[in-house]
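Chain and residue survey
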Amino acid sequence: ASASSDLDVEKLQSVHDRIMAQIDRGVELIHNMNRFSHTVDEAERDTDLNELIAILSVLGKRFADLKNVRFDVELSPASITVRCSPFRLLEAVFNVELAALSVMNADDLLRLSVIQQPGKAGIRASGCDFGELLEAGSLDNSKAILADIKGDLQLAKDGNSCQNLEIWLPATVISDVF
């Protein structure tokens, strides 16, 4: 065979690698969509916040990618469980994510962290001034959802005078990692 008809092995490998990466991403998305769909199975149940945020990280990442915003999650080393409707909590946190993304710029970082204090557990959102979003009414839907599931939404200052947002629920089980 002539040199012009030889296969470019490097190019084929590159195409193969990109296709496999897309397949892996699709499998992960489908897996998490399945996990998400089961959050409506029960009106209320013990819900692991690490697992919930892991689901949201996959499903919510696409929205951050569309704005070129970096999206990160910080899970707790301990298993933290709250008794609530996992679907409603996901809905509230996802609304917080969308509100934050609406005011963020490319290369900003939106971080969701699983947090705990004695008797309560929650999720901290950082990356923009949530005080402004709260004043503008952008978080009213999340506040209403959280009130329905015995949760609370609070502002917390960080070292940069930015107001982070903390979502709190009564913790039912806080256990150390084995």
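Keep in mind it's a predicted model, so treat the numbers as computed, not measured.

Definitions and cut-offs
- Each chain has its residues counted from 1, running along the sequence as written.
- Given that the model is predicted, a residue must reach a pLDDT of at least 70 before its local features are reported, and side-chain atom pairs must reach 80 or more before they are shown or counted; all residues, however, enter totals for whole chains, interfaces and linings.
- Only hydrogens and water are set aside; all other atoms, that is, all heavy atoms of the structure, feed into the side-chain values.
- Think of a patch as exposed residues, more than 30% relative accessible area, with no salt bridge, where like charges cluster within 9 Å and nonpolar side chains (Val, Leu, Ile, Met, Phe, Trp, Tyr) cluster within 5 Å.
- Accessibility throughout is a Shrake-Rupley quantity obtained with a 1.4 Å probe, and a residue counts as covered only by protein chains that appear here.
- Any carboxyl oxygen of Asp or Glu that lies within 4 Å of a side-chain nitrogen of Lys or Arg is treated as forming a salt bridge with it.
- Secondary structure is summarised from DSSP: a helix means a run of H or I of at least four residues, a strand means a run of E of at least two, and numbering begins at the N terminus for each.
- For each residue, the accessible area found with a 1.4 Å probe, counting protein chains only, is set against the maximum for its type, and the residue is called buried under 20%, exposed over 50%, and partly exposed in between.
- What counts as an axis is a line fitted to C-alpha atoms, over the stretch in contact for a helix, and the angles between N-to-C directions run from 0 to 180 degrees.
- Crossing chirality is assigned from the near helix's rotation relative to the far helix, an anticlockwise turn below a right angle marking it left-handed and a clockwise turn marking it right-handed.
- Contacts are residue-level and defined by heavy atoms, with any inter-residue pair within 4.5 Å sufficient.
- Each residue is assigned to one of three groups, with Ala, Val, Leu, Ile, Met, Phe, Trp, Tyr, Cys and Pro labelled nonpolar, Asp, Glu, Lys and Arg labelled charged, and all others, Gly among them, labelled polar.
- How far a helix is expected to stretch is found by multiplying one less than its residue total by 1.5 Å.
- We define the bend at any residue as the angle between the axes fitted to the seven residues before and including it, ending there, and the seven starting there.
- Here a polar contact is taken to be a pair of N or O atoms separated by no more than 3.5 Å, where protein atoms must pair a possible hydrogen donor with a possible acceptor and residues adjacent in sequence count only if both atoms sit in side chains.
- The nonpolar core is taken to be a set of buried Ala, Val, Leu, Ile, Met, Phe, Trp, Tyr and Cys residues, with the residues joined through side-chain atoms within 4.5 Å.

All right, on to a nonpolar patch on the surface then. A cluster of nonpolar side chains, V15, I19, M20, I23 and V27, forms an exposed patch at the surface whose accessible area comes to about 390 Å². Within the secondary structure layout, M20 lies in helix 1 (residues 9-37).

Our focus in this paragraph is the environment of G137. Looking at the element boundaries, G137 is found in the loop between helix 4 (130-135) and helix 5 (140-148). Classification of G137 by relative accessible area gives partly exposed; the value is 27%. As for G137 and A99, which are separated by 38 residues in sequence, their C-alpha atoms are 9.9 Å apart.

Let's shift gears to the packing of helix 2 (residues 49-66) against helix 3 (residues 86-103). Packing of helix 2 against helix 3 leaves a shortest axis separation of 10 Å and a crossing angle of 40 degrees. Read as a crossing pair, helix 2 and helix 3 show a hand that is right-handed. The segment helix 2 lies against helix 3, with L49, L52, I53, L56, G60, K61, F63 and A64 engaging P86, L89, L90, V93, F94, E97, L98 and L101. Here the contact of helix 2 with helix 3 is built from residues that sort into 13 nonpolar, one polar and two charged.

As a further point, take helix 2. Along its 18 residues, helix 2 runs 25 Å from first to last C-alpha, staying within 8% of the 26 Å computed at 1.5 Å per residue. Approximately 40 degrees is the largest bend angle found in helix 2, and it occurs at G60. Among all positions of helix 2, only L49, N50, L52, I53, I55, L56, S57, V58, L59, G60 and A64 are buried. Here helix 2 starts with a cap whose side-chain oxygen sits 2.7 Å from the backbone nitrogen of N50, and that cap is D48. Of the residues flanking the end of helix 2, it is N68, one or two places downstream, whose phi is positive at about 60 degrees.

Quick look at the nonpolar core now. Nonpolar side chains in soluble globular proteins tend to end up buried together. Counting residues in hydrophobic clusters, the biggest one holds 36 residues, and the most contacted among them are L49, L89, V93, L110, L112 and F130. Contributions of two or more residues to this core are made by helix 2, strand 3 (79-84), helix 3, strand 4 (109-117), strand 5 (120-126), helix 4, helix 5 and strand 7 (163-175). Top element by residues in this core is helix 3. It accounts for eight residues. Apart from the residues within four sequence positions on either side, L89 is in contact with L49, L52, V82, C84, L146, I149, I167 and L169.

The next point concerns the side chain of S142. With respect to the secondary-structure elements, S142 resides in helix 5. Among all residues touching S142, those that are not within four sequence positions of it are A92, N95, V96 and L153.

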